[in-house]
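Coordinate analysis (summary)
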Amino acid sequence: MIGFKEFITSACSEDFTTKTLGDFFDMKAGVHIPASKISEVASSETPYPCYGANGHRGYVSTYSHDGEYLLIGRQGALCGNVTRASGKFYATEHAVVTKAHEGVNIDWAYHKLTAMNLNQYATKSAQPGISVGKIKQIAISVPPISVQREVALLLDSFTSLQGQLEESLKAELKARRYQYAHYRDALLNSPQAGHTRWVTLGEVGEFIRGRRFTKNDYVESGLGCIHYGQIYTDYGTTADTTVTFLDPSLRSSLRFARKGDLVIAATGETVEDICKAVAWLGEEEVAVHDDCYIFRHSLDPKFASYLFQSSAFQEQKAKYANDAKVARMSGANMAKIKVQIPPLDEQKRIVAELEKFNEFVNSLSASLSAEIVARRQQYAYYHDRLLTFEEKTVA
């Protein structure tokens, strides 16, 4: 395989043919199969992959095609998506089975059809769709087979390298977050200073349930408020400003967290989710939703918030939570959870250590995320150059 720049230079002198997709591919919709006959897992009874409008659906007992094909989704919001399929497989009526004619490389065709954004030709309706006949009429410029092979090799290589790099970066970030969690637990469970004591949360504070308000009560400015759902999406370990506000006329019907209190989400989709806590550090009181508890305590606020992240807290939480359709935790049960409390000076030292490490992890996360974005942009550039230079050449 030659280099990217060398290939672009040499390929630009080649001739390209512009015709319709129907001139270069055989296209036909797949065959209906009842959903009851599609298994989620492969087995000796259902060994063949089954593809529908959005790609792989599961496994079936028989196959409809054998060979190398492209499958184009023809129904739904994602219609026009392209999937590679090889060997024995089953294609439902919601996929357009596409077979390349002689002179068309199937791997090049996959990248080219993906880049053509076939979804733009779908009907604008409640159930978007694209017909086989319409797909066949779409124009396409096809370079010589030698050029196609080089483009496919380059793009498959870029795709593989990009995937490997992203997995490596994600693994690095995961490892650092795991390291941070381990370090946090070590500090919270084994503080260095003496006079550490085990107490229940009820011994060092009280839990006060918030009062109800709805999203319809929000105004552009007024009383700061925290809804339980925002704790999962908008807040970290601490906060001193809110993202939403309530009309001051509602004050008498609300309950407020003071500076230093924790605001705890007591409802969530799973037991693992609930009891996420944010330390309120704002000067003004903040209204708290009735699916939250206010924890008014005698601890360092940040230390208290970190306690709710510790593995010791999480393990005990599972014993007291109500794991129904929606997971919940009462203030009475949170008060039963035991934690290890060092002197106030030691609490502040632990917070300082955790914040330094947390800053490092956040900085790493930002740099790795930026690296992933940069590599995707680089891939998009190569992808565009390799799949559009023929149109520029023809012109």
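None of the values given here were measured: they were computed from a predicted structure.

**As for the overall build of the protein**
Check the secondary structure of the protein and you find 11 helices and 23 strands. In summary, the protein has a C-alpha radius of gyration of 29 Å against a globular reference of 21 Å for 395 residues, an excess of more than 25%. The principal-axis extent of the C-alpha atoms belonging to the protein is close to 80 × 50 × 50 Å. Evaluated residue by residue, the protein yields a buried proportion of 45% over its 395 residues. Intrachain contacts of the protein at a sequence separation of at least 6 include 76% that bridge at least 24 residues. For the protein, the exposed surface amounts to about 20400 Å²; the carbon and sulfur share of it is 49%. Within the protein, the 46 negative side-chain charges are centred at a point lying 4 Å from the centre of the 44 positive side-chain charges.

**A look at the packing of helix α3 (residues 106-115) against helix α5 (residues 145-189)**
Put simply, α3 and α5 touch, their axes get as near as 8 Å, and they point 65 degrees apart. Here α3 lies roughly perpendicular to α5, going by the angle between them. The crossing of α3 and α5 is left-handed. Here α3 contributes Asp 107, Trp 108 and His 111 to the contact with α5, which in turn contributes Gln 148, Val 151, Ala 152, Leu 155, Asp 156 and Thr 159. Partitioned by chemical class, the residues of the contact of α3 with α5 number 4 nonpolar, 3 polar and 2 charged.

**Thoughts on the sheet that holds strand β5 (residues 65-73)**
Sheet architecture is open: 6 strands sit in the order β2-β7-β5-β6-β3-β4, paired in mixed fashion. Whereas interior strands pair on both sides, the edge strands pair on one side only; in this sheet they are β2 (25-29) and β4 (55-60). Each adjacent strand pair in this sheet contributes to an overall mean axis angle of 40 degrees, direction not counted. Alignment of strand β3 (residues 48-52) against β4, held across 5 bridges, turns out to be antiparallel. When the sheet's bridge partners are listed, Pro 49 is paired in β4 with Tyr 59.

**Overview of the pairing of strand β12 (residues 223-226)**
Every second residue of β12 is oriented toward a common face, with Leu 223 and Cys 225 on one face and Gly 224 and Ile 226 on the other, all of them buried. Direction of pairing for β12 relative to strand β19 (residues 286-288): parallel, over a ladder of 2 bridges. In the sheet register, Ile 226 faces β19, and the bridge partner there is Val 288.

**Here's the deal with unusual backbone geometry**
Even without a glycine there, the phi angle at Asn 117 is positive, about 50 degrees. Residue classification places Asn 117 among the partly exposed positions, given a relative accessible area of 41%. Residue Cys 275 is not a glycine yet carries a positive backbone phi of 75 degrees.

**Some thoughts on the confidence of the model for the protein**
This prediction gives the protein a mean pLDDT of 88; 93% of its residues lie at or above 70. When the criterion is pLDDT under 50, residues 391-395 qualifies, and its contacts beyond four places in sequence or with other chains add up to 7 contacts.

**Some details on the state of the cysteines**
Taken as a whole, this structure holds 0 disulfides when the rule is applied. Free cysteine Cys 292: the closest other cysteine sulfur is in Cys 225, separated by 10 Å.

**Here we look at α3**
Residues of α3 that are buried: Ile 106, Trp 108, Ala 109, His 111, Lys 112 and Leu 113. Positive backbone phi, at 50 degrees, marks Asn 117, one or two positions downstream of α3.

**As for the sheet that holds strand β15 (residues 256-257)**
In sheet architecture, strand pairing relies on hydrogen bonds along the backbone and comes in two forms, parallel and antiparallel. As summarised here, the arrangement of the 5 strands in space is β11-β14-β12-β19-β15, forming an open sheet in which the pairing is mixed. Single-partner strands in this sheet number two, and they are β11 (218-219) and β15.

**Topic: the nonpolar core**
Core analysis: the largest hydrophobic core is formed by 37 residues, its most contacted members being Leu 201, Phe 207, Leu 262, Ile 264, Phe 295, Phe 308 and Met 334. Among the secondary structure elements, those contributing two or more residues to this core are α5, α6 (201-204), β16 (262-265), β18 (277-280), β20 (292-297), α8 (301-307), β23 (338-341) and α11 (344-394). Top element by residues in this core is α11. It accounts for 5 residues. Of all hydrophobic cores here, the second largest spans 33 residues; its members include Val 104, Met 116, Leu 386 and Leu 387.

**Here we look at the pattern of salt bridges**
Enumeration according to the criterion identifies 13 salt bridges in this entry. In this structure, Arg 328 engages Asp 291 in a salt bridge whose closest nitrogen and oxygen atoms are separated by 3.3 Å. Residue Arg 328 is found in strand β22 (residues 327-328), and its partner Asp 291 is found in the loop between β19 and β20; the two are separated by 37 residues along the sequence. For Asp 291, a relative accessible area of 14% gives the class buried. In this structure, Glu 353 and Lys 356 form a salt bridge, with 3.5 Å as the shortest nitrogen-oxygen distance. In this pair, Glu 353 and Lys 356 both sit in helix α11, 3 residues apart, roughly one turn of the helix. It is possible to trace a salt-bridge network through shared partners that takes in Arg 84, Asp 107 and Asp 156.

**A few points about the pairing of β20**
Burial runs high along β20: 6 of the 6 residues are buried. Neither face of β20 is left uncovered, since the one carrying Cys 292, Ile 294 and Arg 296 and the one carrying Tyr 293, Phe 295 and His 297 both have all their residues buried. Relative to β20, strand β10 (residues 205-209) is paired through 5 bridges, and the arrangement is antiparallel. Bridge assignment links Glu 206 to a residue of β20, and that residue is Arg 296. Pairing between β16 and β20: 4 bridges, direction antiparallel. Residue Leu 262 lies in a different strand from β20, and its bridge partner there is Phe 295.

Procedures and definitions
- Residues numbered from 1 in each chain as written.
- Predicted model: local features only at pLDDT ≥ 70, side-chain atom pairs only at ≥ 80, totals over all residues.
- Heavy atoms only, no water.
- Helix = DSSP H or I, 4+ residues; strand = E, 2+ residues; numbered from the N terminus.
- Rg over C-alpha atoms; globule rule 2.2 N^0.38 Å.
- Buried < 20%, exposed > 50% of the residue type's maximum accessible area, 1.4 Å probe, protein only.
- Contact = heavy atoms within 4.5 Å.
- Areas by Shrake-Rupley, 256 points an atom, 1.4 Å probe, with all protein chains shown as cover.
- Lys, Arg positive; Asp, Glu negative; His and termini not counted.
- Charge placed at Lys NZ, Arg CZ, Asp CG, Glu CD.
- Axes fitted to C-alpha atoms, helices over the stretch in contact; angles between N-to-C directions.
- Parallel < 35°, antiparallel > 145°, perpendicular 65-115°, else oblique.
- Left-handed = near helix turned anticlockwise from the far one by under 90°.
- Nonpolar A, V, L, I, M, F, W, Y, C, P; charged D, E, K, R; others polar.
- Pairing = 2+ DSSP bridges.
- pLDDT = per-residue confidence, 0-100.
- Disulfide = S-S within 2.5 Å.
- Core = buried A, V, L, I, M, F, W, Y, C linked by side-chain atoms within 4.5 Å.
- Salt bridge = Lys/Arg side-chain N within 4 Å of Asp/Glu carboxyl O.

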